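Secondary and tertiary structure notes
Each chain is listed here by its residues.
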Amino acid sequence: MPSGRGGEPRRVRGGGRVARQERAIRTRDSILESMASLFIEVGYEAATIAALVERTGLTRGALYFHFPTKESMAHGVLTRAVTREGLQPQTYKLQEWVDLGLLLAHRLPREPMLRAAVQLSVDPKARSLFGTRWPDWIALGEDLLAEAGRRGELLPHAVPAEIARLAVGAWTGVQLVTEALPDERTLSEEIARLYQLILPNIASIGVLAKLDTSAYRAERLLRSAEEFTG
């Protein structure tokens, strides 16, 4: 550390500001995670600021400093819904499209923020207030499928926009049914099966045999990403 007069350590200008910003980010994330858990447990309407205060131990003033309303917290949760975390470049863009859905299926049961975003999207009241992130998921999928089409990975009749839209609807439906039938297969297993049914109808024969739709693929991808960054 640089020394000042008399050999005493001199504070690095701006360091305190950076530390405060990092603490603020951590606090915001903690608030959103707690509110996401409440949305999952009781739904949007019944989730209250009073319950959030009790859960987080923060004062109302501290909460309102970061999020002035419950609505702003819901918006904050929804902004985290569309994520590429764990997605890695692959030889085939069609594999990346599959990976996107498999990764979400693996992470959603483990991450309250993602579960809450899906729940807000299917909650009639919340959906009327905030809309959903489904259009963003559709657009992301369509981009990958369009590139797959340009590379010759799709069958001639496959239309990226149609596939992306129907796949998001099917993925959401499978998630809701799986959640209602907890004694059946896991979400990762069900979503893997969904892609196994879809792909023969859209993938070119040469590519189809080389795609990995294993229910455990997402776990391997995330582990690989952690080892790379670690």
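Okay, so let's go over this structure. (Residues numbered from 1 in each chain as written. Predicted model: local features only at pLDDT ≥ 70, side-chain atom pairs only at ≥ 80, totals over all residues. Heavy atoms only, no water.)

**A look at the pattern of salt bridges**
- The tally for this structure, following the rule as stated, stands at 14 salt bridges.
- Salt-bridge contacts for Glu85 lead to Arg107; the nearest nitrogen and oxygen are separated by 3.1 Å. Of this pair, Glu85 sits in the loop between helix H4 (70–79) and helix H5 (93–107) while Arg107 sits in helix H5; the two residues are 22 residues apart in sequence, bridging distant segments of the chain.
- The partner of Glu147 in a salt bridge is Arg151, with the nearest N and O atoms 3.1 Å apart.
- Counted as one network, the salt bridges with shared partners bring together Asp99, Asp212, Arg217 and Arg220. (Salt bridge = Lys/Arg side-chain N within 4 Å of Asp/Glu carboxyl O. Helix = DSSP H or I, 4+ residues; strand = E, 2+ residues; numbered from the N terminus.)

**Some thoughts on the side chain of Ser204**
- Relative to the elements of secondary structure, Ser204 occurs in the loop between helix H10 (187–198) and helix H11 (205–208).
- Setting aside anything within four residues of it in sequence, one finds Ser204 in contact with Gly152, Glu153, Leu154 and Leu155. (Contact = heavy atoms within 4.5 Å.)

**Remarks on the environment of Leu58**
- Along the polypeptide, Leu58 turns up in the loop between helix H2 (49–56) and helix H3 (60–66).
- Judged by relative accessible area, which is 27%, Leu58 ranks as partly exposed.
- Sequence separation of Leu58 and Ile31 is 27 residues, and the distance between their C-alpha atoms is 9.1 Å.
- Residues within four places of Leu58 in sequence aside, it is in contact with Thr27, Ile31, Val53 and Leu63. (Buried < 20%, exposed > 50% of the residue type's maximum accessible area, 1.4 Å probe, protein only.)

**Comments concerning H5**
- Across its 15 residues, H5 extends 21 Å between first and last C-alpha, which sits within 8% of the 21 Å expected from 1.5 Å per residue.
- A large share of H5 lies buried, amounting to 15 of its 15 residues. (Expected span 1.5 Å × (residues − 1).)

**Details of the packing of aromatic side chains**
- What the rule picks out here adds up to three aromatic pairs.
- Consider the rings of Phe39 and Tyr44, whose centres lie 5.6 Å apart with planes at 35°: the pair is tilted. For the residue pair Phe39 and Tyr44, the accessibility class agrees, reading buried in each case.
- Aromatic pair Tyr44 and Phe130: ring centres 5.5 Å apart, planes at 80°, arrangement edge-to-face. In this pair, Tyr44 sits in helix H1 (residues 15–46) while Phe130 sits in helix H7 (residues 124–130), placing the two residues 86 residues apart along the sequence. For the pair shown, Tyr44 and Phe130 are each scored as buried.
- Among the aromatic side chains, those forming a connected cluster through ring pairs are Phe39, Tyr44 and Phe130.
- Positioned above the aromatic ring of Tyr44, the side-chain terminus of Lys70 is 4.3 Å from the ring centre. (Phe/Tyr/Trp six-rings, centres within 6.5 Å; stacked < 30°, edge-to-face > 60°. Lys NZ or Arg CZ within 6 Å of the ring centre and 35° of its normal.)

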